[in-house]
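The primary structure of each chain is shown beneath.
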Protein chains: 2
Amino acid sequence: MTLATMPAPGERLPIGDERAAVSAVFSPLYQQIKSLLVAALERGEWKPGEPIPSEQDLAARFQVSQGTVRKAIDDLAAENLLVRRQGKGTFVATHHEPRAQHRFLRIAPDDGEERATTSRFLECKRIKAPAETVAQLDLRAGDAVVYVRRLLFFGERPVVLDDLWLPGAAFKGLTAERLAEYRGPLYGLFETEFGTRMIRAEERLRAVAAVPGAAALLNVAPGTPLLQIERVSYTYGDRPVEVRRALGATDGFHYRNTLA
Amino acid sequence: MTLATMPAPGERLPIGDERAAVSAVFSPLYQQIKSLLVAALERGEWKPGEPIPSEQDLAARFQVSQGTVRKAIDDLAAENLLVRRQGKGTFVATHHEPRAQHRFLRIAPDDGEERATTSRFLECKRIKAPAETVAQLDLRAGDAVVYVRRLLFFGERPVVLDDLWLPGAAFKGLTAERLAEYRGPLYGLFETEFGTRMIRAEERLRAVAAVPGAAALLNVAPGTPLLQIERVSYTYGDRPVEVRRALGATDGFHYRNTLA
DNA sequence: CAGTGGTCTAGACCACGTG
DNA sequence: ACGTGGTCTAGACCACTGC
């Protein structure tokens, strides 16, 4: 029986009580199961890329029918926290997949050609969080943040200049060396090395004139219109974990979006 | 029995054959039901804002279980073609709801205050479709399109200059007078008066410098960076029904987007 | 072949809106 | 009280994956 073999780590209560502990809250069963699954994801019971237990096992663990577990997982798959693979199982979503990158990197070349993107990191330092960032990241005045500046290339062409502010506590070991060595998407690094999984972001886009510094890096004339993207990223429980400001050159490139 | 009372208009076959007609195609039952529902929506069997038959009635009509109909409707609700309302029924989505407007008007004031938006129509004429538009709207060379130019105000402030190209055939009676009289979202007009329901759009965003004409209308200096939004809208079956190019002033306003 | 998610069914009961 | 969608269950069978 899988029941006895799968106690939730950190849960001292027998299985039956894992459910009893939340069933006092009035809400549909499958939503309670959803919360339990998110909590398990959050505490790292299953790591990004790994499979979660089968629907049958989870049904046994939570003492509900398989159909109820299925509905909970359906929701989480729709929210991109989990990925179903027929015949194989259900997996924790990860940023180390082309699929996730496509969702969060919205700048693309006009001709639609796939181009290799590479990062050049220009700066990485710990600073006292600016007042605005304190508010956006739910920090306390005086808290530290890690500030990163990077230039994103499509092929040989510099296209996006990113400035990032990350909570100092969660990103303690993030250094310029670490960034320079790393290959792959930044969110993949955050997820693997810092246990911080970004799942959602809110953006505000504007057109702005290039200031001299940015213009030089992006290889455009000062004053050139650039696409400015202000992003706040969130992890489980809608906790903000990153503030990012991007400046993108949009001659030959564009920001793609689907309204549905 | 509702079976006999609900023949699909335009379907001469008895009910059983409505399903048999498609069941030759191999695909899950609920997807076939989905297609049948979309086809019914497309031919206007139920109009925007109206309720569709209950799940029980549809199950009887298509000779499947209620659970299968439910799954088909779940999908269509997720795609925003239908709207479920507990206790009341399931309704055909319409652009005459604040909800739909929020989905397709992504420019918003920075302070988050709700502001009344009004349109001023500057132009409306039939022209021969430009070559690019021919391709985007799947027309034939020489086909006519209706060209519309309008200025969108937030309160007293002109914020977005829109240029629209619509297929001439479907929008035959669209005139400047018609537009001037109308109150409400453009897509609402298209849906109600021209039987063309927009359900999805693809956009490409860029930063561009304001040309003198646009600058004057938007009350900014020539050369000011503007947000340019190129949109192609689609109706049922992914048929393109509108090309739109917007130029937005982004001082005090922004384009909001959620990545999830 | 066994195990996984995917589909389909049938039936019970609940929550909500309306008369 | 009735009809709607919403939840939950139980069980059967299918489709895909990997051993």
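Residues numbered from 1 in each chain as written. Chains lettered and ligands numbered in written order. Predicted model: local features only at pLDDT ≥ 70, side-chain atom pairs only at ≥ 80, totals over all residues. Heavy atoms only, no water.

Trainee: For the environment of Gly89(B), give the residues involved together with the corresponding values.
Mentor: All names here are of chain B. Structurally, Gly89 can be placed in strand β2 (residues 89-92). Given the relative accessible area of 28%, Gly89 is considered partly exposed. Separated by 38 residues in the primary sequence, Gly89 and Pro51 have C-alpha atoms spaced 6.4 Å apart. Beyond its immediate chain neighbours, meaning those up to four positions away, Gly89 contacts Val83 and Arg84. (Helix = DSSP H or I, 4+ residues; strand = E, 2+ residues; numbered from the N terminus. Buried < 20%, exposed > 50% of the residue type's maximum accessible area, 1.4 Å probe, protein only. Contact = heavy atoms within 4.5 Å.)

Trainee: Lay out the protein's contact with DNA strand C in plain terms, naming residues and giving numbers.
Mentor: Around DNA strand C sit 20 residues, and of these Arg84(A), Leu29(B), Tyr30(B), Ser65(B) and Thr68(B) come closest. Take the atoms of DNA strand C that sit within 4 Å of the protein: sugar and phosphate atoms are 84% of them. One of the backbone nitrogen or oxygen atoms of Glu55(A) is found 3.0 Å away from a phosphate oxygen of DNA strand C. In the model, a phosphate oxygen of DNA strand C is placed 2.2 Å from a nitrogen or oxygen of the Leu29(B) main chain. Those elements that place two or more of their residues in the surface near DNA strand C are β1 (82-85) and β2 (89-92) of chain A together with α3 (29-42) and α5 (66-78) of chain B. A breakdown of the residues in the surface near DNA strand C according to their chemical character gives 5 nonpolar, 9 polar and 6 charged. (Near = heavy atom within 4 Å. Polar contact = N/O pair within 3.5 Å; in protein donor to acceptor, adjacent residues only side chain to side chain. Nonpolar A, V, L, I, M, F, W, Y, C, P; charged D, E, K, R; others polar.)

Trainee: Can you explain the protein's contact with DNA strand D? Please cite residues and give values.
Mentor: Taken together, 20 residues sit near DNA strand D, with Leu29(A), Tyr30(A), Ser65(A), Thr68(A) and Arg84(B) positioned nearest. Taken together, the sugar and phosphate atoms account for 84% of what DNA strand D places within 4 Å of the protein. Within the contact set of DNA strand D, a phosphate oxygen lies 2.2 Å away from a backbone nitrogen or oxygen of Leu29(A). In the environment of DNA strand D, a phosphate oxygen lies 3.4 Å from a nitrogen or oxygen atom belonging to the side chain of Lys88(A). Breaking the surface near DNA strand D down by element, the ones donating at least two residues are α3 (29-42) and α5 (66-78) of chain A together with β1 (82-85) and β2 of chain B. Each residue belonging to the surface near DNA strand D can be placed in one class, and the counts come to 5 nonpolar, 9 polar and 6 charged.

Trainee: Can you lay out α5(A) for me, pointing to particular residues and giving the numbers?
Mentor: All names here are of chain A. Counted at 1.5 Å a residue, the expected span for α5 with its 13 residues is 18 Å, and the 18 Å between its end C-alpha atoms agrees. Those residues of α5 that sit buried are Thr68, Val69, Ala72, Ile73 and Leu76. Projected down its long axis, α5 carries its buried residues within an arc of 135°, all on one side. Where the residues of α5 are buried, they touch α3, α4 (55-62), β1 and β2. Backbone geometry just downstream of α5 places Asn80 in the positive-phi region, at approximately 65°. (Expected span 1.5 Å × (residues − 1). Arc of directions from axis to C-beta.)

Trainee: Give a description of the packing of α3(A) against α5(A) that names residues and reports values.
Mentor: Helix-helix packing is characterised by the crossing angle of the two axes and by the distance between the axes. Residues and elements named next belong to chain A. In the contact formed by α3 and α5, the axes pass within 8 Å of each other and the chain directions differ by 60°. Taken together, the axes of α3 and α5 lie oblique to each other. Crossing hand, α3 versus α5: right-handed. Facing Leu29, Tyr30, Ile33, Lys34, Leu37 and Val38 of α3, the residues of α5 in contact are Thr68, Lys71, Ala72, Ile73, Asp75 and Leu76. In terms of residue class, the contact of α3 with α5 is built from 8 nonpolar, 1 polar and 3 charged. (Axes fitted to C-alpha atoms, helices over the stretch in contact; angles between N-to-C directions. Parallel < 35°, antiparallel > 145°, perpendicular 65-115°, else oblique. Left-handed = near helix turned anticlockwise from the far one by under 90°.)

Trainee: Mind laying out the interface of chain B and chain A, listing which residues take part and the relevant values?
Mentor: Quite often, the size of an interface is put as the accessible area lost when its parts meet. Facing the 29 residues of chain B at the interface are 29 residues of chain A. Buried surface at the junction of chain B and chain A, both sides included, amounts to about 2500 Å², of which 49% is carbon and sulfur. Looking at the side of chain B facing chain A, the largest losses of area belong to Asn257(B), Leu259(B) and Ala260(B), adding up to 26% of the total buried there. Inspection of the chain B/chain A interface yields 2 salt bridges. Arg206(B) serves as the salt-bridge partner of Asp110(A), at 2.7 Å between the closest nitrogen and oxygen. (Buried area = accessible area lost by both parts, 1.4 Å probe. Salt bridge = Lys/Arg side-chain N within 4 Å of Asp/Glu carboxyl O.)

Trainee: Would you mind going over the relation of the copies chain B and chain A in detail, with residue names and values included?
Mentor: The two copies are related by a screw motion: chain B maps onto chain A through a turn of 180° and a shift of 0.0 Å along the axis, at an RMSD of 0.0 Å. The transformation just described matches what one would write down for a two-fold rotation axis. (Least-squares fit on C-alpha atoms with pLDDT ≥ 70 in both.)

Trainee: Report on the domain arrangement of chain A, specifying residues and quantitative values.
Mentor: Residues and elements named next belong to chain A. Assigned domains of chain A: these are domain 1 (3-92) and domain 2 (100-255). Of note, the centres of domain 1 and domain 2, computed from C-alpha atoms alone, are 33 Å apart. Listed per partner, the contact involves 6 residues of domain 1 and 6 residues of domain 2. When domain 1 packs against domain 2, the two sides together hide about 590 Å² of surface, and 60% of this comes from carbon and sulfur. Taken as a group, Glu42, Asn80 and Leu81 account for 61% of the area that domain 1 buries against domain 2, more than any other trio of residues on that side. Applying the counting rule to domain 1 against domain 2 returns 1 salt bridge. Our count for the domain 1 to domain 2 interface comes out at 1 residue pair in polar contact (both at pLDDT 80 or more). Grouping the amino acids of the side of domain 1 that touches domain 2 by side-chain chemistry returns 4 nonpolar, 1 polar and 1 charged. (Domains from an automatic or database assignment.)

Trainee: Any details on α3(B)? Residues and values, ideally.
Mentor: Quick reminder: α-helices carry 3.6 residues per turn. Residues three or four places apart thus point the same way. All names here are of chain B. For α3, which comprises 14 residues, the first-to-last C-alpha distance of 20 Å matches the rise-based estimate of 20 Å (1.5 Å per residue) to within 8%. Those residues of α3 that fall on the buried side of the exposure criterion are Gln32, Ile33, Lys34, Leu36, Leu37, Val38, Ala40 and Leu41. After α3 finishes, the residue Gly44 shows a positive phi value of roughly 80°.

Trainee: Residues and numbers for the sheet that holds strand β5 (residues 144-154) of chain A, please.
Mentor: By definition, the strands of a sheet pair up through backbone hydrogen bonds, in either a parallel or an antiparallel sense. On the basis of which strands lie adjacent, the open sheet formed by 8 strands has the order β4(A)-β5(A)-β6(A)-β9(A)-β8(A)-β7(A)-β10(B)-β3(B) and antiparallel pairing. Edge strands, defined here as strands with exactly one partner in the open sheet, are β4 (117-128) of chain A together with β3 (107-109) of chain B. Here the average twist between neighbouring strands, direction ignored, is 25°. Bridge count between β3(B) and strand β10 (residues 253-259) of chain B: 3 bridges; the pairing is antiparallel. Of the residues in β10(B), the one forming a bridge with Pro109(B) is Phe253(B). In this fold helix α9 (residues 186-194) of chain A packs onto β4, β5, β6 (157-167), β8 (225-235) and β9 (239-248) of chain A, with an angle of close to 160° to the strand it touches most, β9(A). (Pairing = 2+ DSSP bridges.)

Trainee: A description of the sheet that holds strand β6 (residues 157-167) of chain B should follow, citing residues and the corresponding values.
Mentor: The strand order across the open sheet built from 8 strands is β3(A)-β10(A)-β7(B)-β8(B)-β9(B)-β6(B)-β5(B)-β4(B), with neighbouring strands paired in antiparallel fashion. Edge positions in the sheet fall to β3 (107-109) of chain A together with β4 (117-128) of chain B, since each of these pairs with one other strand and no more. Put simply, the sheet's adjacent strands are angled 25° from each other on average, direction ignored. Set on the sheet, helix α9 (residues 186-194) of chain B makes contact with β4, β5 (144-154), β6, β8 (225-235) and β9 (239-248) of chain B; between it and β9(B) the angle comes to about 160°.

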